[in-house]
Amino acid sequence: MPAVLFSCTKTPDSTSTVTATVKLEAAEEVTIPDDAVFTVTATNFDTKQEIDVQAENMTAVFAGLVPGRYTFMTSFQVTENATTTIYSGSISNTNILEDTELTMTISVTESASLVMKELYYNASKTSAGKPYMKEQFYEIYNNGEETVYVDGLCFGNLMPENATGKANYDWGSQYPLTDYVFFGRIMQVPGTPGVDKKYPLNPGESIILCQYATDHTVPELNPDSIDLSSGEFEWYEPTNTNQTDQPAINLKMAFPINPSSPYKIWNNTSNGPALAMFFPVEEFSIDKMATDKNNGVSISYPIPVSIILDAVEAIKDETQVQNKRVPTSLDAGYIWVTDDNGEPAIQVGKSIVRKVLETTEDGRVILQDTNNTTEDFELKTREIRRYGAKVPSWNTWAN
Amino acid sequence: MNPKTIITAVLPLLLGFCIATQAQERVELEGQVLEAGTENLPLDYAVVSVLPAELHTVTDAEGRFLFQDLPGGAKIRIQVQYVGYKTIDTLVTLSSTRVNRYVFRMETENFFMDEVVVTAKANEAGEATASEINRQAIDHLQASSLKDIMQLVPGAVMSNSNLSNPNMLSIRSIDNDPLNSMGTALILDGAQQSNNANLQMTSATANGSTNSPLYYQDASAGNSAAGVDTRTISLDNVESVEVIRGIPSAEYGDLTSGAVIVKSKVGQTPLNVKFSARPEQYQGSLAKGLRLGEKGGTLNLNADFLYTVKRPIESYWNYRRFTAGGIWAMRWSDGFDTRTSLNVHYGLDRRTANPDNAASQLQESGRDLGFKFNHTGNINVNKGWLKSIEYGATFNYTDRLSEKSEIASSASGIYSTNMVSGSIISNWPGQPVYDNGGNEITNLLPGTEDAFLDNLSDTRLVKTSIYGKEIYANARVKLTFYKDWNNGIRNKIIAGADFKSDGNLGKGKVYDNETAPSPGNSFSSERIRHYYDIPFMNQFSLYAEDLYKQTFGRNEFVLSAGVRYDNINGKNIVAPRANASITLFDRVTVRGGYGITAKAPSLVYLYPENAYFDMPLYSSGYKSDPAEELYIVKTNIYSAENPDLKIATNNKAEAGVDIRLWDDRRLSLTAYLEKMQNGYSLIRTPNTFHLVDLPRYTAVKENAGTLPELELEGTYKAWQSYYVPSNTAVRNKKGLEFELDLGRFDAIRTSFNLSGAWMRESYSDNSYSFSENIRPGQNGSLDRNIGVYEPNRIVSYRERLVTTLRITHNIPKIGFVVTLTSQLTALDKSWSTYSTDMFTKYISRIDGKVYDFDPAMADDEEFYYLFDPVIPENREWPEKAIPTLFFNLTLTKEIGDAMRISFFANNMFYNRPIYNSTKNRKTLIELGSDIFFGFDITFNIR
């Protein structure tokens, strides 16, 4: 391993540690409350060692660091009137080889009551060892105190589909990367947000968006899978004879708007997609798409960060940390799926699941949402409606 | 040129020749052929030819030959050929007064000779532009297949031998386009080979491509609709190869690009044992020419085995071949000799299950097992103008099996065997199904009783087998007439007839119900097809050609003009061809030619498979109780046969100049122009889009243990489209080939040969193309219009300039030859042009009819989505590679009389230049190929 050899010759002796001084600075138009307490976490890229330092006077001093590549992250939240305001910032993979001063910009987001509860993109394998992707699902939960109508809700993955370094898109200067996210595909619950009220979601209820809302445990599919026949929504393309239209309500594909061929199967990458959801504020239009200036072919749909309800950065492994697609203001962290040995893994049947913050007196679960996936999510074997999430009243086919 | 004008130009020549005769003294020519040296060993079965009269004979046991009835006083050309010996080619003047007796002493051909020819040689002017490649060049190049030899032709790029993919031949082609290789005739000892009955493919009608199901049969090569795979032809018994690039003689048909003519070794030879090694390739062969007693003729036997691995890391993925054959040459009398050959070949392309991928168990194999029988005879008539008659009969049989099996995931889907178009059946055979209003949903037409219908499992074994039994028979006769008018004018006329029949008696494309392929897009699906149900294709051809030569002083005028008529299953084509040249002062030749070449459609195009569609009207999906499962499917079947399919033709024109500099050193330039406007294609037309009603049902009530109650949810419109064979492929080419052969400079024992070509090709399709963009919103793939773009919308170009310098140094005394080949690709560029993005017509989603498209409708709600939202800025930008220079080294050394070793290293300096793509920014492209080397060791055991 050349990396080891390289570090052997370059390893400094124990006395030559360095100091990193991280100054926290509020982004424009952001006012940080006086009582905010920021704990900044530094993660060493090679050793994965984490060091927490509480900032004083908005400055966190990391003394005695072993020189290397580090990622710094912080977030602080205030909850008032069922709305949580989160202040967060991060600096990804910076080389700290000598005493260094860094500035971390703190931006702000408000957490909405709709949150992504469980994201199952990892998929599994059949007993024959073949990938089984059809059981992918995404559960969205009403984490607040009020009923939300999900009519017209949009959910999709950001570009690039895989967080590989190669995809260096240039969507144009009118879309600053801190202010927009770039969707590669958007699935939409039928209806117009704010107008249609067909699909109410009460606090403590969840909806499940499925690739294929069927009972996957039948012998013809995959007996080792799960039963998704109670899923509220699915993707169904009428010319696809590989799949059967189930009672679940069919999602609409909002983007791409007019693809050149039918989109048969709604797959997200097992390597970790960046997922985000929002209520659109205007109609989808071909004129509002962005085209990559580098290859001239790739397209995306830019959506302002300000209307994103929730976003989660899932990656394949630690090598992709620097290729994050979700801006820090939406998700200061990231997550990847590992197998039982702690190794990054695809198709091992694991979901990323939001942690429970508290349980109310009537037994309803409140999930943790600090806009930091590293903090908020954990890995669990896939399961729908865990923690007693309820089925919405209009879902008549769920038993 | 109009074919009729050519006929009228040729006829007077033929007539004029018949009327005029002239009295002349007749003499005999006798002689003996001996091996060079002091022992005066006679060589029997040497072929002695009198040219240009085209008289041939073979020598008897004492090496003697005799020609009678030759014109006294004439200057004739005598050629003596014998396998393993250097050909003698000389001019003699026949004396009218004394006995004409000559003794020819033949030198053994090996690398001890002063002059070794290890490059392609240009042929004589006045006939088709061609390159001749002899045995020495094949040995020195260390070619493994016929395709490797083609790199000696001017303008071809150096390439590494690769026998893990089909090796198809192509001529004057940059991209090895399947249409070019399909139109390249391969002629083995007078017998044209055929790939016309190759049907080792999945449905061309459904996919629009002739790809084999086997991954490594290489989609781009399109083997089934391309040329003959030359891997089954062993090179060990090949004496010489001629590549006709220009306008071929009318004798050659069923081709568009050109012809590759292979001559086998015939005659007594030592036992030749050869071993070759390449990276991941091993080969061994034996060849021997025997004399069968005093009057039994000669028999040449050869056998060869080759094994190659696709990639070093995948040893379970490999190709092996075995060939064996014999040629029996028999001299029955001074005027009659025959050759009869039988060759068997076995090839197996195989990928066995990867031991590290138990999940997929992907296995593929492509097996050929066949034989080729060929008999040819030559009768020296020499009565009047008729000099000789050649005849031949060929019978080839190839048994092929292509198989692919794999544990596939996402292989679920509706599968049906229903063969009744318009019928609606369910997975409950013979049982009608009604909706909740009492209306019958099913339409159980006669013939649907036994049809199988099911929703196949998601993860399962998928296995397709394609059995082909290709039969090819050919019978031919050719008459050669010759007349020397003794006034400097000579006429040689050939006329002949040719019959070919191709068919396939294989079981065809088959699979079991459980392992059937999963359905395709837009309701398209597969059916079993038996090839023995497909008719044979028969070709009958007639041709005549006159070669007119007139000498005046030191100048010569040559005109060869001919015409060929082909009848292919009732389709007719008349193809005139002409080549002319004038040589001034025996030094400068100016030449030109024009001709039409025609290639028969293969069975793929003549008898395409039907298009099948299975459209589910209701699917219950999988149920834990199978009694509750219900699938109702409507089947539509369309014939894809095109009765108007024409024979594809290529118009070839060329002009050139040959300058003899001094001695044998010469410079040749050839400019050519080729236009094919009606090449074979698989296309969709507005008529192959069918709008069909899709009534969709939903279950209003699930019933435990029995079928659900159905209600009509709505009726939609769905598109069903498929591909039909057509004549819309357009291929235009122009180029300039050059060859500067400086021959050998004895002082430095080195010869120089510079050759190359500039080529420019364009590809387009003279048919409509379609936009099938999805209409935004629910069911957008059903209720949408189809946009129709104008024909030839996209034209793709490729341009290349390649120059190759071959420097050969030889030391005869020690039998050593080394060749350094340096190839400069100064220009390599490809680009496309787009005519318009506006539709010319549209197909209506309401009635399925075609209407004109008014550009004013572009923003209409009904049409805006048909336009591609993004037009890439770079789509017309050219991709231009940087110039490259590669070096190959080949060397051969004779060790004593009995052993020879050869070594080669391709890209010997391991040059892999990288450049920044000029079309896709940020993309780097690596050129060249890895260093590739190998060696041959040959033993000659006397």
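Residues numbered from 1 in each chain as written. Chains lettered and ligands numbered in written order. Predicted model: local features only at pLDDT ≥ 70, side-chain atom pairs only at ≥ 80, totals over all residues. Heavy atoms only, no water.

Asker: Would you take a moment to explain the overall build of chain A for this structure?
Answerer: Within chain A one finds two helices and 27 strands. The globule rule puts the C-alpha radius of gyration for 399 residues at 21 Å, and the 22 Å found for chain A is close to it. The buried share of chain A, reckoned over its 399 residues, is 56%. Here the analysis covers contacts within chain A between residues at least 6 apart in sequence; of these, 71% occur between residues at least 24 apart. Of the roughly 17000 Å² of accessible surface on chain A, 47% is carried by carbon and sulfur atoms. Charged side chains in chain A number 28 positive and 54 negative. The centres of these two groups are separated by 7 Å. (Helix = DSSP H or I, 4+ residues; strand = E, 2+ residues; numbered from the N terminus. Rg over C-alpha atoms; globule rule 2.2 N^0.38 Å. Buried < 20%, exposed > 50% of the residue type's maximum accessible area, 1.4 Å probe, protein only. Contact = heavy atoms within 4.5 Å. Areas by Shrake-Rupley, 256 points an atom, 1.4 Å probe, with all protein chains shown as cover. Lys, Arg positive; Asp, Glu negative; His and termini not counted. Charge placed at Lys NZ, Arg CZ, Asp CG, Glu CD.)

Asker: Help me understand the interface of chain B and chain A in this model?
Answerer: One frequent convention defines the size of an interface as the accessible area lost when the parts assemble. Contacts between the two partners involve 45 residues from chain B, matched on the other side by 38 residues from chain A. For the pairing of chain B and chain A, the buried interface totals around 3400 Å² over both sides, and the portion due to carbon and sulfur atoms is 53%. Where chain B packs against chain A, one counts one salt bridge. For A:Lys134, the salt bridge identified is with B:Asp458, shortest N-O distance 2.5 Å. Our count for the chain B to chain A interface comes out at 11 residue pairs in polar contact (both at pLDDT 80 or more). Of all the elements in the fold, those that place two or more residues in the side of chain B that touches chain A are strand 20 (386–408), strand 21 (413–416) and strand 32 (611–619) of chain B. Each residue belonging to the side of chain B that touches chain A can be placed in one class, and the counts come to 17 nonpolar, 20 polar and eight charged. (Buried area = accessible area lost by both parts, 1.4 Å probe. Salt bridge = Lys/Arg side-chain N within 4 Å of Asp/Glu carboxyl O. Polar contact = N/O pair within 3.5 Å; in protein donor to acceptor, adjacent residues only side chain to side chain. Nonpolar A, V, L, I, M, F, W, Y, C, P; charged D, E, K, R; others polar.)

Asker: Can you walk me through the environment of B:Lys634 in this structure?
Answerer: Residues and elements named next belong to chain B. Take Lys-634: it is sitting in strand 33 (residues 631–638). Residue Lys-634 is classed as buried on the basis of its relative accessible area of 19%. For the pair Lys-634 and Asn-418, spaced 216 residues apart in sequence, the C-alpha to C-alpha distance is 9.3 Å.

Asker: Where do I start with empty space enclosed by the protein in this structure?
Answerer: In this approach, a probe sized like a water molecule rolls over the atoms, and the result shows the empty space that is left. Residues and elements named next belong to chain B. According to the stated counting rule, one finds 15 cavities of 30 Å³ or more in the structure shown. Considering only enclosed or pocket space, the largest cavity measures out at about 310 Å³ in volume. Forming the walls of the largest cavity are 23 residues, and the residues nearest its centre are Leu-188, Ile-233, Ser-264, Asn-343 and Lys-372. Secondary structure elements with two or more residues in the lining of the largest cavity: strand 13 (258–264), strand 17 (314–333), strand 18 (336–351), strand 19 (363–383) and strand 20. With four residues, the single largest contributor to the lining of the largest cavity is strand 18. Looking at the lining of the largest cavity residue by residue, the classes come out as eight nonpolar, 13 polar and two charged. Taken as a whole, the second largest cavity spans an internal volume of roughly 240 Å³. In terms of lining, the second largest cavity is formed by 23 residues, of which the most central are Leu-141, Gln-151, Asn-888, Thr-890 and Asn-906. If you list the elements that add at least two residues to the lining of the second largest cavity, you get helix 2 (135–141), strand 43 (816–834), strand 47 (884–895) and strand 48 (899–906). (1 Å grid on protein atoms, 1.4 Å probe; cavity = no way out; pocket = protein on both sides within 12 Å on 5 of 7 lines; lining within 4 Å. Points joined across faces, edges and corners; volume = space filled by probe spheres on them.)

Asker: Would you take a moment to explain the nonpolar core for this structure?
Answerer: Nonpolar side chains in soluble globular proteins tend to end up buried together. One finds A:Leu114, A:Leu153, A:Phe155, A:Ile207, A:Leu209, A:Phe233 and A:Trp266 to be the most contacted residues of the largest nonpolar core, which totals 34 residues. Within the residue set of this core, elements represented by two or more residues are strand 8 (114–120), strand 11 (137–142), strand 16 (206–210), strand 20 (274–278) and strand 23 (308–313) of chain A. With three residues, strand 8 of chain A is the single largest residue contributor to this core. With 29 residues, the next largest nonpolar core counts B:Leu55, B:Ile76, B:Val80 and B:Val83 among its residues. (Core = buried A, V, L, I, M, F, W, Y, C linked by side-chain atoms within 4.5 Å.)

Asker: Sorry, what's going on with the packing of aromatic side chains here?
Answerer: Residues and elements named next belong to chain A. As enumerated under the stated definition, the model contains 49 aromatic pairs over all chains in all. Taken together, a centroid distance of 6.3 Å and an interplanar angle of 85° make the contact between Phe-155 and Trp-266 edge-to-face. Taken together, the residues span a long stretch of sequence, with Phe-155 in strand 13 (residues 154–158) and Trp-266 in the loop between strand 19 (252–255) and strand 20 at a distance of 111 residues. Residue classification places Phe-155 among the buried residues on the basis of a relative accessible area of 1%. (Phe/Tyr/Trp six-rings, centres within 6.5 Å; stacked < 30°, edge-to-face > 60°.)

Asker: Teacher, can you tell me more about the side chain of B:Asn773 here?
Answerer: Take B:Asn773: it is sitting in the loop between strand 40 (769–771) and strand 41 (786–789). Here the side chain of B:Asn773 touches B:Tyr865 through a polar contact of 3.2 Å, landing on its backbone oxygen. Those residues in contact with B:Asn773 that sit more than four places away from it in its chain are A:Asn258, A:Pro259, A:Ser260, B:Arg784, B:Tyr865, B:Leu866, B:Phe867 and B:Asp868.

Asker: What is the right way to read the confidence of the model for chain A from this model?
Answerer: Parts of the prediction with low pLDDT should not have their coordinates interpreted in detail. When pLDDT is averaged across chain A, the result is 87; 93% of the residues are at 70 or more. The low-confidence segment residues 1–14 of chain A (pLDDT under 50) makes one contact with residues lying over four places distant or belonging to another chain. (pLDDT = per-residue confidence, 0-100.)

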